[in-house]
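The lines below spell out each chain.
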Amino acid sequence: MATADWNPLGDVYFKKNELYAMGWSDMIDLDKFTVAAAPYGGPIALYRDDSKTARVQVSTKPIITVFTAAGNQISQMRWSSGQVVKMGWSNTEDLLCVQDDGMVLSYDMFLNFKRMFGMGQEAKDVKVLDCEIFNSFQGTGIAVLTSTYRIFIINSVDDPRIRRLAEVPGLQSAPSSWAVLNLDRQSRALVAKGNELFLIDHGGQYQNQTPQTNTEVKEYIKMALSFNNKFLALYTDSGVILICSSDLQKVYCEFNTKTEACPHQLMWCGIGAVVAMWGTLMVVVGPQKDWIRYNFESPAHLVQEMDGTRIISNYQHEFLHKVPEVTEHIFKIGSMEPGAMLYEASREFHKGSQKADEYIRMIKDKLEVAVNQCIKAAGFEIETDKQKALLRAATFGKCFLTDYSPETFVNMCQMLRVINQVRHHKIGIPITYTQLEHLSMAVMIDRLVLRKMFHLAIKLCQYLKIPDQEGASRILAHWACYKVKQKNEDDETIARAVAQKLGDTPGVSYCDIASQALECGRTDLAIRLLDFEPRAAQQVPLLMKMSKDQLALSKAIESGDTDLVYTVLLKLKNDMKDGDFFMAIRNMPIAYSLFIQYCRHQNPQMMEDLYYQEDNFVEEANCKVVKSFDDERLEDRCETLKQAMNCYARAKNEFAVKQTDDQIKLLKYQRRMEEEFNRPYMDLSLHQTIYRLIVENSHKPAEQLRKEFKVPERRYWWLRMHALGEAGEWAELERFSKSKKPPVGLEAFVEVCSKHKNVAEAMKYIARVQQDQKVKCLLKIGQKKSAAEAAFENHSEEELNLVLQKCGAADKQLVENIRAMKQQLGGRR
Amino acid sequence: MSAAGHLSTGKINLSLLRDFYRRELLESLDRCSGTKALVWDDALTGAFGLIAEYSLLKEHEVEKMFPLRSSGLPPSNVQNIIFVTRPKLSLMEQIAQNLLQEEQKGGFRKDYHIIFVPRRSLLCDKKLKEMGVYGTITNFEEFQLSLIPFDSDLLSMEMESSFRECYLENDFTSMHYAAQSLMTLQALYGIIPNICGKGDCAKHIVDMMLRMRRELGGREPQITPQIDNLLILDRNVDLLTPLLSQLTYEGLIDEMFGINNTSVKLPPEKFQTGNQQQEDPQGVSSEPKKVILNSLDELYADLRDKNFNAVGSIVSKKAKVITAEFDERHTAKTVSEMKQFVSKLPHLQQVRASLSTHTSIAELVKEATDTDEFMDSLRCQQEFINGVDTDKIHPYIEDCMGRQEPINKVLRLVCIQSFCNNGLKPKVLDHYKREIIQTYGYEHMVTLMNIEKAGLLRPHGNRSYPAIRKSMRLIVDDVNEQNPHDIAYVYSGFAPLSARLVQYYARPGWRSITEVLNLLPGPTVEEIQQIPVALRKRRSSIGSTHSSTGEQKVTLVFFLGGVTYAEIAALRFLAQQDDGGTDYLIATTKVISGTSFLKSIAEELSAVKMNPF
């Protein structure tokens, strides 16, 4: 009978399932231990302090042992720190041990020390009386009550920021009970002082909140908050359990247990009932004053879950929970719900009975509801047989539906597969469907990784088809980090094993693995692993941290990221002597030229030195040339240029030697002439110098310079023409034009005249110009009409067109004339 | 966003990229709360103008904008001062000076921030520490603005010194930026399956890209690739083209007036209309006229890539059409006809305004192209590229020097000659160099060295130019400038090698020109990036560039070291060809002209005033 183990509590039922037979049976007597079990089927920590229980004073240190929820030992250690007030688990399954001096030590479940922090100076000075580890909106929080009756609180163990809560007015002795209340993204404490309750927050505010009760209350000696922080259970000195809303505005129920003994544990079972435990006696109290009583053979420990309560005893691990509504619908005796009918139909069908058809007919139009009910109910079952039976019923019902989406069914099958797998006693995570949905699959996978069950985690990801970046490769990276910590294997084996497994899996950060290795002091392994890292920006800094600078440099160069190269270069330069540094980089052309580039902007002298060291004479000379332009004194400049010249000579660049030599000579000439004529010539080019001299009518030195520097004939003609033009020496210009046959043609003279707008002079030369150049020259000085005539004389239509092109709107008459001429020419042909 | 409407008209929607930048920028700004003043590195203002307009910045509490000057900041009462700067050491010095001066002034306490574009660098941090202001700065941000969308098919990084750094100084920082910018593009438009490149830097970038993809480790966006091919070309594969005078409308504007971040400043005289003069009693304003040149302006979109000789006829045709349309108002009789006319009016007026602007610009350009200097220089260039008289000292170059024409013109011609002659005879080369130094001064010594180092000028070497010219059909004799049939129209008879390479890449493929590729400097790289099957484009025909469905492929052509407007025009021309089958998206480190290109290589030297004692 499915309902045999159901216990009615008012109009609902409660049910207790066995999860595991404890692996520790016969070895552990829970009575002797302090128990801390993590929610969501997490590990159980047992703390045994013999010094307290032993009849004779012994000096043995306490022992902490961590078990899986199935009672299999994970790890054990001897506690060598101070007095532990409280143990608990964080939401990342780290064991938190709070000492009486307010120090919090955190360990992973393998009891590897992770870190520690304090709860403030005051807690340290006056000692901690009591402690509460709670779920805050930021993660896991810790609150301590000091012997001065002050409460200090942190909201997250990952980011411990200590806050002091307001003081309860007139509190002279330790509060009879207290709890941390987490609502509206704020953590407050509810403190009982006699028959008064105070809600205190870290803003220094307190609120006196006393619930309206029918019975008289002297003291509240125990309190328990529901998983969702919405409900509160209070236990009074007279043995009354009050069930109310957490803001104390509503009292739902007052239940008199008729015992005055304070229960060892008081907590919620889901949100439907309160469980109180006295040694081997457990009472479940419902909101309607209904109750169920359970007796145990040995004392048990309760763990509050969101959908029930786990009961851990010496031999068994059980789960007490309300029978879900949907399960009730299906299995309750005499239920006429569609789900129940379908379940029956399926059973009959498998028996080969025709009754199946009858049942189906009865729920024909409600079949979809029936299927959904069966699927949902399967999720709540703990025994696999029942899950299967329900799922079988669901598939059976599905056959009669034409357009039923299989998604819910498939998802449920997958979820159950995962849940059953992790519930296996070897894994020992007795998680329920509701809890897993709340926790999310990603966290579940993380928890497997925390337990170093890499293989299962990866299989799980593959089964659920989670993309590799979020699933398999992340797990592999964790595995690798764990692997590098194994001291008993040599670097080569580990590196090979890691590389083999991870390969080119996308999304794996070899850098993280390498820094893990580095933390363990395995530099060589880290270097090997870093070789697999594709991201240079991650790789290079780590290599530098290991002072593998040369390697870092070549990796940086490979990446093409110049900023990375500079990062290494400048560190090298800092760490090394200049000489060594230069030697180190000279074999790396990219690094070398980048360093030169740096010097170009920051330290030109060093750039020059580098070129000198490299026997790169041309560049060295160029540096000197550039530098020479900054010399203010002629002697200095000539000296620098002379040095440059020597460098050019060493580079066998004869051309540059000659030019530099000429430049020195020119500078000296210019200085001499400046003194002589009292006019500035410095920094003019040779051409400009001669030009100025001619314009200024100093023909003799001009001639001298021309000879000295061998200015070619053709350019000299241009130079002299233009200079004479500018000086307005028209007579001299004409004489020059007649001195011999101009190498540049007479047109050039026209050009010069036109440049200085001397039409009359220009005409002189045009007369001497060859016939075929005449039109062009005339146009140059703007004589369009004459040009047209000349073109006509040449019988050249092309030239006429040229003139025509130059004609604007003002030349209407001329345009007509030219048209006429063109016609005439055309006519002749 | 109307100001950027032209970006979304191409095959690849570049306004996506612009939006991405805007988001990033605003996030950076919003990270510091309170009123802000932005202090700008001059080189960035133009680019940022294309990304975010002032009104948008104002919405994010930007109250003031200053240029970065070493003289210090003008007084202001904002809570935050944000320096927006490239990671250059000289700029860090200026920022440090600003900060030190502010500290001395004291007064109202401000927070100081630096936004580095595109990346923060260690050297800058170090410099700021050395100057003792590192601690003063509250916050360092990075804003990865690299490829700036100029137009629906054009992206530029606007890094003018990229070529110089790579080829003269062996500093490949800009290539790293370029590779990163390509990763950004891939993040937005999907992984580009085929990569091809020519040249050392191209190889470098491809290596970095593949590496960066590995570093992403599978965390790449799942987008179906929108860009099919990436073709990376080093500028040094074709150094000749940028030296020649561009003959397209846009190219000429750039050569003459310099286009910066798609806008150009022009002498104002031509733009004074009668009305304006009346309104403005001071007469001619001396402020240069700023014109924005992009495809938002329909007429300009039509004109920019045309050979300049074709511009006049298009403008006049357009003018006639517009006049005719305006005349419709006389024929409009009924109310509905009037209404129709009125609804067209804003558009007509816009076109008319644009017509008048471009008539003026065309006049300005024509004035310059009609000069003897321009025509003679062009003639000389044409002779060189045709291989005429390239082995001798050219009298025209000599005359230019004699006339003391701008040194850049002379350098350009000499370099062209050097290319077309496969290098110059030592005697000729030395003569030119000596002449340049005598004429323009010894300060050009280092510039000449740089030019030689960059390979623009070299002694006689392998005879590769005639072979390339022949097999790549660089010379096209019968170009129709009005209705071109070949890309050669952009240089009136000369097809840019770079554009030819792109053309051959699309069809028939580079395998057919292996010999030519071997003659060009640097390695040829080819890579295929694997793409998850689910993301692959479904194609009816695999392996042929010309798909039978008529769907065009998109090729991103990345010019490292710069690209000219004429080359861009050539690629746009290729994209428009019916048989092309390929659409081009053009990216570059900088849009260059011959002048700006040579300037970036030159060593600016000027002597300090000599102490007379």
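Named according to an unreviewed UniProt entry, chain B is Small G protein signaling modulator 1 originating from Mizuhopecten yessoensis. You can read under Sequence similarities (unreviewed entry) in the UniProt record for chain B the words "Belongs to the STXBP/unc-18/SEC1 family." Listed in UniProt under the heading Subcellular location (unreviewed entry), the comment for chain B reads: "Endomembrane system".

Going by the annotation in an unreviewed UniProt entry, the name recorded for chain A is Vacuolar protein sorting-associated protein 16 homolog, with Mizuhopecten yessoensis given as the source organism. Under the UniProt heading Sequence similarities (unreviewed entry), the entry covering chain A gives this text: "Belongs to the VPS16 family." Taken directly from UniProt, the Function (unreviewed entry) text for chain A runs: "Plays a role in vesicle-mediated protein trafficking to lysosomal compartments including the endocytic membrane transport and autophagic pathways. Believed to act as a core component of the putative HOPS and CORVET endosomal tethering complexes."

Chemist: What am I meant to see in unusual backbone geometry here?
Modeler: Note on backbone geometry: most residues besides glycine have negative phi, and most peptide bonds are trans. Cis geometry marks the peptide bond from Val117 of chain B to Pro118 of chain B, where omega comes out at 0 degrees. Position of Pro118 of chain B relative to the elements: it lies in the loop between β4 (111–116) and α5 (122–130). The amide bond that connects Arg507 of chain B to the next residue, Pro508 of chain B, takes the cis arrangement and shows omega of 5 degrees. Tracing the chain through its elements places Pro508 of chain B in the loop between α21 (497–506) and α22 (514–519). A positive phi angle, close to 65 degrees, is found at Lys258 of chain A, a residue other than glycine. Turning to its location among the elements, Lys258 of chain A is positioned in the loop between β22 (251–256) and β23 (265–269). Since its relative accessible area comes to 73%, Lys258 of chain A is described here as exposed. Despite not being glycine, Lys710 of chain A has its phi angle at roughly 50 degrees, a positive value. By secondary structure assignment, the location of Lys710 of chain A is in the loop between α26 (699–709) and α27 (713–727). Judged by relative accessible area, which is 60%, Lys710 of chain A ranks as exposed.

Chemist: I keep staring at the pattern of salt bridges and nothing clicks. Help me out?
Modeler: If the charged atoms of two oppositely charged side chains come close together, the side chains can form a pair. One pass over the full model with this rule turns up 86 salt bridges over all chains. Residue Arg119 of chain B is joined to Asp561 of chain A by a salt bridge in which the shortest nitrogen-to-oxygen separation is 2.9 Å. Of this pair, Arg119 of chain B sits in the loop between β4 and α5 while Asp561 of chain A sits in the loop between α17 (549–559) and α18 (562–575), which puts the two residues in different chains. Among the residues examined, Arg119 of chain B registers a relative accessible area of 14% and is labelled buried. In this structure Asp561 of chain A comes out as buried when scored by relative accessible area, which is 8%.

Chemist: Is there a simple way to explain helix α24 (residues 594–601) of chain B in this structure?
Modeler: Each α-helix turn comprises 3.6 residues. Residues three or four places apart therefore point the same way. Residues and elements named next belong to chain B. Gly594, Phe597, Leu598, Ser600 and Ile601 are the residues of α24 that are buried. For α24, the arc enclosing every buried residue in end-on projection is 155 degrees, short of the 170-degree limit, so these residues lie on one face. For α24, the secondary structure elements touched by its buried residues are α6 (162–167), α9 (240–243), α10 (249–257), α17 (407–420) and α19 (445–453).

Chemist: Teacher, can you tell me more about the nonpolar core here?
Modeler: Most often, soluble globular proteins have nonpolar side chains that are buried together. Membership of the largest hydrophobic core comes to 197 residues, with the highest contact counts inside it found for Leu456, Leu501, Trp510 and Phe558 of chain B. If you count residues domain by domain, this core takes at least three from each of domain 1 (5–145) and domain 2 (249–271 + 289–370) of chain B. Apart from residues no more than four positions distant in its own chain, Leu501 of chain B is found in contact with Leu233, Val237, Met472, Trp510, Ile513, Leu517 and Leu520 of chain B. In terms of nonpolar packing, the next biggest core, distinct from the first, is built from 132 residues, Val323, Ala477 and Leu570 of chain A together with Val133 of chain B among them.

Chemist: Any chance you could explain the sheet that holds strand β5 (residues 137–142) of chain B here in plain terms?
Modeler: Across a sheet, paired strands are connected by hydrogen bonds in the backbone, their directions being either parallel or antiparallel. All names here are of chain B. Spatially, β2-β1-β3-β4-β5 is the arrangement adopted by the 5 strands of the open sheet, whose pairing is parallel. With one partner strand each, in any of the chains shown, β2 (62–67) and β5 form the two edges of the open sheet. Across the sheet, the axes of successive neighbouring strands diverge by a mean angle of 20 degrees, strand direction being ignored.

Chemist: What exactly am I supposed to notice about the pairing of β23 of chain A here?
Modeler: The side chains of a regular strand alternate between both faces of the sheet. Burial analysis of β23 of chain A places 5 of its 5 residues in the buried class, the great majority of the element. Between β23 of chain A and strand β24 (residues 273–278) of chain A, which pair antiparallel and follow one another directly, the connecting turn spans 3 residues, one of which, Gly270 of chain A, has a positive phi of 65 degrees.

Chemist: Got a minute to help me understand the interface of chain A and chain B in this structure?
Modeler: By a widely used convention, the size of an interface equals the accessible area lost when the partners come together. Each partner contributes to the interface: chain A provides 64 residues, whereas chain B provides 58 residues. Between chain A and chain B lies a buried interface of about 5,300 Å² when both sides are counted; carbon and sulfur atoms form 55% of it. Broken down residue by residue, the surface that chain A buries against chain B is led by Phe629, Phe655 and Arg715 of chain A, which jointly contribute 13%. At the junction of chain A with chain B, the criterion picks out 7 salt bridges. At the boundary of chain A with chain B, the tally comes to 25 residue pairs in polar contact (both at pLDDT 80 or more). Here the side of chain A that touches chain B takes 8 residues from helix α20 (residues 589–602) of chain A, the largest share from any one element.

Chemist: Honestly, the side chain of Ser593 of chain A in this entry has me stumped. Any pointers?
Modeler: Structurally, Ser593 of chain A is set in helix α20. Residue Ser593 of chain A is classed as buried on the basis of its relative accessible area of 9%.

Chemist: Teacher, can you tell me more about helix α15 (residues 372–385) of chain B here?
Modeler: Residue and element names in this part refer to chain B. For α15, built from 14 residues, the straight-helix expectation of 20 Å at 1.5 Å per residue is met to within 8% by its first-to-last C-alpha distance of 20 Å. Considered for burial, the residues of α15 that qualify are Phe374, Ser377, Leu378, Cys380, Gln381, Phe384 and Ile385. Across the axial projection of α15, the buried residues extend over an arc of 160 degrees, all falling on one side. In this structure, the buried side of α15 is in contact with α9, α10, α14 (335–369), α16 (395–402), α17 and α20 (465–471). Within two residues after α15, Gly387 carries a phi angle of roughly 80 degrees, on the positive side.

Chemist: Whenever I open this one, the sheet that holds strand β28 (residues 308–312) of chain A confuses me. Can you help?
Modeler: Residues and elements named next belong to chain A. Across the sheet, 5 strands lie side by side as β1-β2-β29-β28-β27; this open sheet has antiparallel pairing. Edge positions in the open sheet fall to β1 (6–9) and β27 (301–305), since each of these has one partner strand only. The average undirected angle you get between the axes of adjacent strands in this sheet is 25 degrees. Pairing geometry for β28 and strand β29 (residues 316–322), over 4 bridges, is antiparallel. The residue bridging Ile312 from the neighbouring strand is His317, located in β29.

Chemist: Is there a simple way to explain the domain arrangement of chain B in this structure?
Modeler: All names here are of chain B. Along its sequence, chain B is organised into domain 1 (5–145) and domain 2 (249–271 + 289–370). Here the C-alpha centroids of domain 1 and domain 2 sit 37 Å apart. Taken together, the contact pairs 4 residues of domain 1 with 5 residues of domain 2. In total, domain 1 and domain 2 occlude about 390 Å² of area from one another, counting both sides; carbon and sulfur atoms represent 59% of this. Contact with domain 2 buries surface across domain 1, with His6, Gly46 and Leu50 losing the most and accounting together for 83% of the total. Inspection of the region where domain 1 meets domain 2 yields 0 salt bridges.

Chemist: What am I meant to see in the packing of α20 of chain A against helix α21 (residues 604–613) of chain A here?
Modeler: Axes are the key here: two packed helices are described by the angle between their axes and the distance separating the axes. Packing of α20 of chain A against α21 of chain A brings their axes to within 6 Å, and their N-to-C directions diverge by 140 degrees. Residues Tyr592, Phe595, Ile596, Cys599, Arg600 and Gln602 of chain A of α20 of chain A touch α21 of chain A, and the partners they reach there are Pro604, Met606, Met607, Leu610 and Tyr611 of chain A.

Definitions and limits used
- Residues numbered from 1 in each chain as written.
- Chains lettered and ligands numbered in written order.
- Predicted model: local features only at pLDDT ≥ 70, side-chain atom pairs only at ≥ 80, totals over all residues.
- Heavy atoms only, no water.
- UniProt positions renumbered as here; feature names shortened; annotations may be inferred.
- Helix = DSSP H or I, 4+ residues; strand = E, 2+ residues; numbered from the N terminus.
- Buried < 20%, exposed > 50% of the residue type's maximum accessible area, 1.4 Å probe, protein only.
- Salt bridge = Lys/Arg side-chain N within 4 Å of Asp/Glu carboxyl O.
- Arc of directions from axis to C-beta.
- Contact = heavy atoms within 4.5 Å.
- Core = buried A, V, L, I, M, F, W, Y, C linked by side-chain atoms within 4.5 Å.
- Domains from an automatic or database assignment.
- Pairing = 2+ DSSP bridges.
- Axes fitted to C-alpha atoms, helices over the stretch in contact; angles between N-to-C directions.
- Buried area = accessible area lost by both parts, 1.4 Å probe.
- Polar contact = N/O pair within 3.5 Å; in protein donor to acceptor, adjacent residues only side chain to side chain.
- Expected span 1.5 Å × (residues − 1).

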